[in-house]
Amino acid sequence: DQLLEHDSLTLAPGAGVDDSTGLCAEYKGFDRGSERIVTHVFLPEPGLEFSLNYDVRFGEDFQFVKGGKLLGLGPKKHVAGGRPVVPGGWSARVTFKEGGAARLYTYHQDQPGQYGDRLPLEKPFYFKQGQYYAVSLHVRVNEPADAANGFSRLYVDGNLVDSHEGLRFRGEDSDASLINKFMFSSFHGGHRPEWAPRDADGNFTTVHAIFDNISVHEGERVRPAPGR
């Protein structure tokens, strides 16, 4: 219900997996990519290790352009958007890049630059428009805070497609620095017009994706296929 409070998220009867009701996300192009669809749902209890699962279908009208953000996990006060990393702050999200490449995007204590880390992939996986994928994001934060033993792992249809290992997500031992929330944080961008979806005349346009079966489970849970 909390997700439906966002103006760009609506129920889509019959559009989900196996004709269920899905959640339609509208990506409205503007001069910083597409308008931000951001809402956070806090978990009943924080913890060291959780798996976020969801099915996603990018509409036939969807444009990956230069890339953008999907869903992820974070602490009580996450870090994103190029803001400085603080001891209790980090984030682990899934992104799409040019051509639909599926990537991880992590903010952590030892990242080399201002923005989150993306590691090079030899054989990236590419999302395509018009079909459902089961996405699983398995995250474990470091324990204790001075140990680089955290990880973020991305699976699509049960196959590992990207992983960031040996991470120091947090720099302090506290409940607030554990995994505290699910982040619906999806948009194109980037912060420049060239990230935005456009129509044939070059004007900003709106594109769509459908999400279904969103869930968060303690520990490792990797789903092999949409709806399963």
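Residues numbered from 1 in each chain as written. Predicted model: local features only at pLDDT ≥ 70, side-chain atom pairs only at ≥ 80, totals over all residues. Heavy atoms only, no water.

1. Description of the sheet that holds strand E4 (residues 37-47)
Reasoning step 1: Pairing within the open sheet is antiparallel, and its five strands lie in the order E4-E12-E6-E7-E8. Looking at strand neighbours, the two that pair on one side only are E4 and strand E8 (102-107), the edges of this open sheet. For this sheet, the mean inter-axis angle between neighbouring strands, taken without regard to orientation, is 20 degrees.
Reasoning step 2: Both strand E7 (residues 91-97) and E8 contribute to a ladder of six bridges, which runs antiparallel. Bridging from a neighbouring strand, Ser91 pairs with Tyr107 of E8. (Pairing = 2+ DSSP bridges. Helix = DSSP H or I, 4+ residues; strand = E, 2+ residues; numbered from the N terminus. Axes fitted to C-alpha atoms, helices over the stretch in contact; angles between N-to-C directions.)

2. Some words on the environment of Ser8
Reasoning step 1: Its location among the elements puts Ser8 in the segment before strand E1 (9-12).
Reasoning step 2: Residue Ser8 is classed as buried on the basis of its relative accessible area, which comes to 4%.
Reasoning step 3: For the pair Ser8 and Lys28, spaced 20 residues apart in sequence, the C-alpha to C-alpha distance is 8.5 Å.
Reasoning step 4: Aside from chain neighbours lying at most four places away, what touches Ser8 is Cys24, Ala25, Glu26, Lys28 and Ile37. (Buried < 20%, exposed > 50% of the residue type's maximum accessible area, 1.4 Å probe, protein only. Contact = heavy atoms within 4.5 Å.)

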